[in-house]
Amino acid sequence: MQVRRSALVARPAAHLFDLIEGAEHYPKFLPWCSAATILERDDGVVAADISIRFKGVGFEIRTRNPKRRPEFMAIHLERGPFRRFYGEWQLKVLAAEACKVSFLLDYEFDSVVMTRMAGPVFDKIADKLVDAFVQRAIDVPPPVLPTVEAPRPPDEDWPPP
């Protein structure tokens, strides 16, 4: 199965990227995610264990995802019930407060039983993933960065005598 979705979002690309990369927060807003644990995170990769539970179907996956903030994150499966699994998120800055997010997921379960049991559920999850992150970006405003005050012009009586 292959899923391709995209959306225009009135939020900064970095904000949306941080939501996508922040798997530890998935259980708060993705109803199918029952747990998520970050195993490793640095500037180049994020790895996580994710528990999927939806409509009586459940399984675990582990991903190790190379990333370039704020424009790209690949999704590489390390463990889970798939024969084939590859995904990627691409974010294109359109303006300071707008971006285009594109998502690709190509997968195939490793058994006929899993395809029958989990296939329809996972198809729905994959199909709605972009919508869920766009809604989260709207619900959770981007962090406000501190402003840097411009230097004051020197006073005639500065420095004090």
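Refer to the structure printed above.
Keep in mind that what you see is a predicted model, and the values were worked out from it rather than measured.

Asks: Break down the overall build of the protein for me, with residues and values.
Replies: Broken down by element type, the protein carries three helices and seven strands. Here the protein holds 161 residues, and the buried ones make up 41% of them. Of the contacts formed within the protein by residues at least 6 apart in sequence, a portion of 47% connects residues at least 24 apart. Accessible surface, the protein: about 9700 Å² in total, of which carbon and sulfur atoms supply 57%.

Asks: Lay out the sheet that holds strand β2 (residues 33–41) with the relevant residues and their values.
Replies: If you walk across this open sheet you meet the seven strands as β1-β7-β6-β5-β4-β3-β2, and the pairing is antiparallel. Two strands close off the open sheet at either side, each with one partner strand: β1 (2–9) and β2. The mean angle between the axes of side-by-side strands here comes to 20°, regardless of whether they run parallel or antiparallel. Summarising the sheet, strand β3 (residues 45–54) and strand β4 (residues 57–68) pair through 10 bridges and their orientation is antiparallel. The residue of β4 that forms the bridge with Val45 is Pro66. The strands touched by helix α1 (residues 13–21) are β1, β2, β3, β4, β5 (72–79), β6 (82–95) and β7 (98–109); relative to β6, the strand with the most contacts, the crossing angle is about 160°. Running at roughly 170° to β7, helix α3 (residues 112–139) makes contact with β1, β3, β4, β6 and β7 of the sheet.

Asks: Describe α3, and please don't skip the residues or the numbers.
Replies: In this model α3 runs 38 Å from its N-terminal to its C-terminal C-alpha over 28 residues, within 8% of the 40 Å that 1.5 Å per residue would give. Of all the bends in α3, the largest measures some 55° and sits at Ala118, one to four residues before the proline Pro120.

Asks: Give me the lowdown on the nonpolar core, citing residues and values where you can.
Replies: Leu16, Ile50, Phe59, Trp89, Val101 and Phe133 are the most contacted members of the largest nonpolar core, which has 45 residues in total. Here this core takes 11 residues from α3, the largest share from any one element. Every residue in contact with Phe59, bar those within four places of it in the chain, is listed here: Ile50, Ser51, Ile52, Arg53, Pro81, Phe82, Phe109, Met114, Ala118 and Phe122.

Asks: A description of the packing of aromatic side chains should follow, citing residues and the corresponding values.
Replies: Throughout the structure, instances matching the rule amount to 11 aromatic pairs. Taking 5.3 Å as the distance between ring centres and 80° as the angle between the ring planes, the aromatic pair formed by Phe29 and Phe133 counts as edge-to-face. Highlighted residues: Phe29 in helix α2 (residues 26–29) and Phe133 in helix α3, separated in sequence by 104 residues. Put simply, the rings of Tyr26, Phe29, Trp89, Phe103 and Phe133 touch in pairs and so form one group of aromatic residues.

Reading the values: rules and limits
Residues numbered from 1 in each chain as written. Predicted model: local features only at pLDDT ≥ 70, side-chain atom pairs only at ≥ 80, totals over all residues. Heavy atoms only, no water. Helix = DSSP H or I, 4+ residues; strand = E, 2+ residues; numbered from the N terminus. Buried < 20%, exposed > 50% of the residue type's maximum accessible area, 1.4 Å probe, protein only. Contact = heavy atoms within 4.5 Å. Areas by Shrake-Rupley, 256 points an atom, 1.4 Å probe, with all protein chains shown as cover. Pairing = 2+ DSSP bridges. Axes fitted to C-alpha atoms, helices over the stretch in contact; angles between N-to-C directions. Expected span 1.5 Å × (residues − 1). Bend = angle between axes of the 7 residues up to and from the residue. Core = buried A, V, L, I, M, F, W, Y, C linked by side-chain atoms within 4.5 Å. Phe/Tyr/Trp six-rings, centres within 6.5 Å; stacked < 30°, edge-to-face > 60°.

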